[in-house]
Amino acid sequence: MLGFRFSYLYKLHTESFMGFNAVCLPGNQPGAFYRSSLPATPVSTPIRENGRFSEQALRERLCRTPSPRKCRLFESRGSEPDIGFNMSPGLQLSSPDEDEGHSRALPFSPARPSLQSRLERLEQEADTPANCLRRRIFVGNIPDKVTKKELKDFFSKFGRVTDCLIVQDHIKRRSRGYGFVIFSNSQEAEKAKNASDIQLEFNGRNLRVFPAEEKKSEKYRREAREILFQLNPNYDLTPTCEEEPDSVNDSSISKSSSLQNINEMTDDMLLLIFSYLGIRDRAKLEYVCRKWRKLSLELWQCQTTMNLHNMFCIWEGRPLTNSILLSLLKKCAGNLKKLDLSTASHTLDYKAVEIIAQCCPNLEHINLSSVKVTNVSLQQMAIKCPKLKHVILQRCFEVGEKGIWWLLHLCKRLECIDMSGNPRITGQCFHMAGSNLHTCILTKCSRFSPIGFTKLATRCRNLSSLYLNDCFQLSDRALELLCQSLKNLKILYVGGVLPDLTGSGLHHIGRLSNLEHLSLSQNHHVDDDVIYAISRGCKKLRNLDLAGCNEISDYSLTSLSSCYNLRILNISYLERITDEGLSSLARQGVFETMYLRGCPNIGDQGLLTLVLLTPYLQHLDVSGCQHVTNVTVTACLDSVQARSSGKKLTLVAGGTSIELEALELDSSLLEVSRQNFCIHSLRPDKLDYIGTESDDEELIFAAEEEVENPSGGEQSQPTADPNVEFSEMFESPL
C-alpha cells in the first residue's frame, strides 16, 4: 500500500469524505478493494503501520461496517513489490506470528488470464452509456403508494436489481406513476421486458415495461460533438473528464430530462446552438458573459467557412470595413479555408486583400468579386496563401496581367480561376499556369487575345471546364487549337456575341469526345451542320443549351435524337422548330428536363408525342408557347399515371392557353405551375407577341415589390442594444 497508489487513494477518499479499506480476503476476487466509513489515514490503516499483516487484523480493523459499493481493479507493476490489494499470483503474506517461515499463501488463482481475455472481459463489463442503457428499463403505471423498496423487491424476481427510481412531481412531491429500474446485466433486463402481464401485475395494476431511452443531455452532447467535428476535423471527439457519462445512480436518474434553464445546458449544447447563429448574432454573444465569450471564441476557432451574404448593407449604414474584416479574421485564428466577400465588397479596397493574406495562411477558396484588388495586393495574397485552390475575381477591373501572373506562378495548387468581366486580361499570363488548373472562366473578357488562347491550349492541357462566352477575339483557329489540345474537356461554354467565330470553327467541337455539358446559347453562328457534327462526335453529351440559336431547324432535332445520353435540353426561343421536329426528337426517349420557352410554332401535337415517349421526363417548361392548350395537360396526366417508376412531372405553363379551372387534376404525380419564365425580349416574334392582361398585371406587381423591398425580400434583424454600434462590437474588447 506504499508509493503513489496510497497517495492517489488517500486523496480520492479524502475529497469525497469517505473512508476506505483495501482488503483481499479468501473467497473474494483478487485485486478487489472495498470502501467503508473508516477514514483512510496512516494511523488507522494497519497496512501503513506494518508491511506484513494478518487476515484477522484486517477483518477486525477494516470490516466493521462493510459496504461493498464499488469495486475497482488495479494492475500490478513489475518494477515494485505488490502489497495490499495489488497482489500478484503466488505472493505470500504472513502475519507477525508466522515470521519463522510458516507463511501461508492466500487462495488466489495461480493462472493469470491472458491479456486478450482480460481486455475482452473489461470491454464486456465496462460501464459505458450503451451498456447502462441496455440494463435500464422504463416502468409505467406504478401505483401511487408504492415505495422504492417495494418496487425493487418486485423486480428482483427477474434478477439482481442494482438501483431503481420512482419519478416524483417536484412541486406536489408525489409519485408521477413511472420510474426506472436498473439490473446488474442486460440479460436480466431482457427478462423483465419480455415478462407476461401476469408476471407484471403489482398491487392490482399491470406495470408497463419498455426499454429506456438515451438521456436528452447525452444525445445533445453527442450530436454537438459530431457537428463540431464536421466544422473542424481536428476537434477532439473524446469526452473530457467533466463530460464523462455519470454512473447510474440516484443523483443521475433523479435529474429531470427536460431543461428548465439555459444555464443547465452543457458547453457542447451551447456550442451547437451558437453554430446556427449568424456572424452578427455571434458577435453579440461575446458581450453576455465570460462563459459565453469563451464558447464563442472557441466556436470562432472551429470556423473554416465564412460567407458574409446579407450580413452588411451599405444602404443601411453598416458596411463591411477593413477594421471589421480584420477583427473577424483574427477570431478564426488562421483556420479559415473558405471566404466569400462578393456581397460585402462595397467599401473594401486593396488593404482588405492584404489583411486576408496576413490572417488566413490556410485559405483555399476565396471570392473577391467587385473588391478593388490590385496587382500588388494580389501578389501579396499569393505569397502568403500558397494553398489557394479556387480564386474568383469577377468584375475586378484593376487586376491586370502581372497580378494573375504572380497568382499562377506562386499558387501551384490552383484548380479554378474566374476572371469574368475583366477588360485588361490578354491571356499571356497563362504561361505560368500549373498542371492542377482544371476550370477557367473567361466570360466577357473582351481583350483575351489569340496568343492567350494559344497559351491556354498549350499550358493547361488538364482543363475540364472552359467558359468563353462573349470573348470577342475568339476565332476559328483559336477554337480549333483548343479542341485539339484539351482532350479532357467536359464543360464548354461558347455562347453570346463572337464576331470572329463562324460555323466552320464550331464544327471542331465534335472532336471533344468526353464533352458532357455544352452551351451555345445566343450564338447566331450555330446551324444544323454544327449540331449534326456535335451529335456525331460528342456521344457523352448530357446537357445541351441551344436557346436563341435562330438558325436551328427540325433537322437539328432529328440529329439530336441519336444522343442517347442527353438528359437536359434547352431549345427555347427558336422560331424554326415545329411539332414535327419535336416528335422526331421524342424518339430519343430518355429526356429528364426540357425547356421550350417562347417557341411560337410549338403546339399540343408535338408535346403530346414528347410526353408519351419520354417516361423519365420530370420537368417540362413551355411557358410563353401560346398554342399549348389543355390537351397537353391531359396527356401529361395520362403519362404519369401509366409510369411504373412513380417519378413526378412538373409542367410550367405560364403564358399559354391552358385553363386549369376546366381540369380536374387529382394526381400527386403531376404539378402544373402558372409561372411564366419567358423573357419577352428574347422571343423571335417579340414584335408580334402581345402579352395577356394577367401577364401584364404580374409584371407590374413584381415591379412594385422590387421598389418596396430592394434588398430581395429579406428584412434586416434589429440589434440587441441600439446604443452599441455594430462596428464597435468587433473593435472594442470585452
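Residues numbered from 1 in each chain as written. Predicted model: local features only at pLDDT ≥ 70, side-chain atom pairs only at ≥ 80, totals over all residues. Heavy atoms only, no water.

## A look at the overall build of the protein
Moving on, step 1. Scanning the protein from N- to C-terminus turns up 26 helices and 23 strands.
Moving on, step 2. Here the protein holds 734 residues, and the buried ones make up 45% of them.
Moving on, step 3. Taking the contacts inside the protein whose residues are at least 6 apart along the sequence as the reference set, 69% of them involve residues at least 24 apart.
Moving on, step 4. Of the accessible surface of the protein, which amounts to about 38400 Å², a share of 50% is contributed by carbon and sulfur atoms. (Helix = DSSP H or I, 4+ residues; strand = E, 2+ residues; numbered from the N terminus. Buried < 20%, exposed > 50% of the residue type's maximum accessible area, 1.4 Å probe, protein only. Contact = heavy atoms within 4.5 Å. Areas by Shrake-Rupley, 256 points an atom, 1.4 Å probe, with all protein chains shown as cover.)

## Examining the nonpolar core
Moving on, step 1. F430, L474 and I509 are the most contacted members of the largest nonpolar core, which totals 126 residues.
Moving on, step 2. For this core, the element with the most residues is helix α14 (residues 350–359), which contributes 6 residues.
Moving on, step 3. Filtering out sequence-adjacent residues up to four positions away, F430 remains in contact with L408, M419, L437, C440, L442, F448, K455, L456, R459 and C460.
Moving on, step 4. Counting 20 residues, the second largest nonpolar core, distinct from the first, contains V181, A195, F202 and V209. (Core = buried A, V, L, I, M, F, W, Y, C linked by side-chain atoms within 4.5 Å.)

## A short note on the confidence of the model for the protein
Moving on, step 1. When pLDDT is averaged across the protein, the result is 76; 70% of the residues are at 70 or more.
Moving on, step 2. Overall, residues 65–112 carries pLDDT values under 50, and its contacts beyond four positions in sequence, including any with other chains, amount to 84 contacts.
Moving on, step 3. The model gives residues 691–734 a pLDDT under 50, and that stretch makes 36 contacts with residues more than four places away or in other chains. (pLDDT = per-residue confidence, 0-100.)

## What about the environment of S449?
Moving on, step 1. Its place among the elements puts S449 in the loop between β14 (439–441) and α17 (450–459).
Moving on, step 2. Taking the relative accessible area as the measure of exposure, S449 reaches 13% and is therefore buried.
Moving on, step 3. Separated by 22 residues in the primary sequence, S449 and C471 place their C-alpha atoms 9.1 Å from one another.
Moving on, step 4. Non-local contacts of S449, meaning those with residues more than four positions away in its chain, are made with T426 and Q473.

## Observations regarding the pairing of strand β5 (residues 175–183)
Moving on, step 1. Along β5, 7 of the 9 residues are buried, which leaves the element largely enclosed by surrounding structure.
Moving on, step 2. Here 5 bridges tie strand β3 (residues 136–140) to β5, and the two strands are oriented antiparallel to one another. Bridge pairing links R136 to I182 in β5.
Moving on, step 3. Direction of pairing for strand β4 (residues 161–168) relative to β5: antiparallel, over a ladder of 6 bridges. Bridging across to β5, V161 finds its partner in F183.
Moving on, step 4. In sequence, β4 turns back onto β5 through a hairpin of 6 residues, with R173 there showing a positive phi of about 60°. (Pairing = 2+ DSSP bridges.)

## A few points about the packing of aromatic side chains
Moving on, step 1. Tallying each qualifying case throughout the model produces 13 aromatic pairs.
Moving on, step 2. Between the aromatic rings of F138 and F210, the centroid separation amounts to 6.5 Å while the plane-to-plane angle is 35°, which identifies the pairing as tilted. Here F138, found in strand β3, pairs with F210, found in strand β8 (residues 208–211); they are 72 residues apart in sequence, far enough to count as distant.
Moving on, step 3. Look at F138 and you get partly exposed, because its relative accessible area is 24%.
Moving on, step 4. Exposure remark for F210: the relative accessible area of 42% places this residue in the partly exposed category.
Moving on, step 5. The structure contains a cluster of three or more aromatic residues connected by ring pairs, namely F154, F155, F158, F183 and F202.
Moving on, step 6. We note R282 situated over the ring of W300; from NZ or CZ to the ring centre the distance is 5.1 Å.
Moving on, step 7. The side chain of K402 reaches across the aromatic face of W405, ending 5.1 Å from its centre. (Phe/Tyr/Trp six-rings, centres within 6.5 Å; stacked < 30°, edge-to-face > 60°. Lys NZ or Arg CZ within 6 Å of the ring centre and 35° of its normal.)

## Focus on the pattern of salt bridges
Moving on, step 1. Counted according to the given criterion, the structure contains 14 salt bridges.
Moving on, step 2. One salt bridge in this structure joins D281 and K284, with 4.0 Å as the shortest N-O distance. Of this pair, D281 and K284 both sit in helix α11 (residues 279–285), 3 residues apart, which is roughly one turn of the helix.
Moving on, step 3. Residue class for D281 comes out partly exposed when judged on its relative accessible area of 25%.
Moving on, step 4. The class for K284 is buried, based on a relative accessible area of 13%.
Moving on, step 5. Here the residues in one salt-bridge network are E286, R293 and K331, joined through shared partners. (Salt bridge = Lys/Arg side-chain N within 4 Å of Asp/Glu carboxyl O.)

## As for the environment of E575
Moving on, step 1. With respect to the secondary-structure elements, E575 resides in the loop between β19 (568–570) and α22 (579–585).
Moving on, step 2. Classification of E575 by relative accessible area gives partly exposed; the value is 43%.
Moving on, step 3. Spatially, the C-alpha atoms of E575 and P684 are 6.0 Å apart, while their sequence positions differ by 109 residues.
Moving on, step 4. Contacts of E575, omitting those with residues within four sequence positions, involve P600, N601 and P684.

## Some points on helix α24 (residues 630–641)
Moving on, step 1. Along its 12 residues, α24 runs 17 Å from first to last C-alpha, staying within 8% of the 16 Å computed at 1.5 Å per residue.
Moving on, step 2. Among all positions in α24, only N630, T632, V633, A635, C636, L637, S639 and V640 are buried.
Moving on, step 3. Tucked into the core, α24 has its buried residues touching α23 (604–613), β22 (649–652) and β23 (670–673). (Expected span 1.5 Å × (residues − 1).)

## What about the sheet that holds β4?
Moving on, step 1. Strands sit in the order β4-β5-β3-β8 across an open sheet of 4 strands; the sheet is antiparallel. The open sheet is flanked by β4 and β8, the only strands paired with a single partner. Taking the axes of each pair of neighbouring strands and ignoring which way they run, one obtains an average angle of 25° across the sheet.
Moving on, step 2. Where helix α6 (residues 148–155) meets the sheet, it contacts β3, β4, β5 and β8, and its direction lies at approximately 135° from that of β4.
Moving on, step 3. In this fold helix α7 (residues 186–193) packs onto β3, β5 and β8, with an angle of close to 25° to the strand it touches most, β3. (Axes fitted to C-alpha atoms, helices over the stretch in contact; angles between N-to-C directions.)

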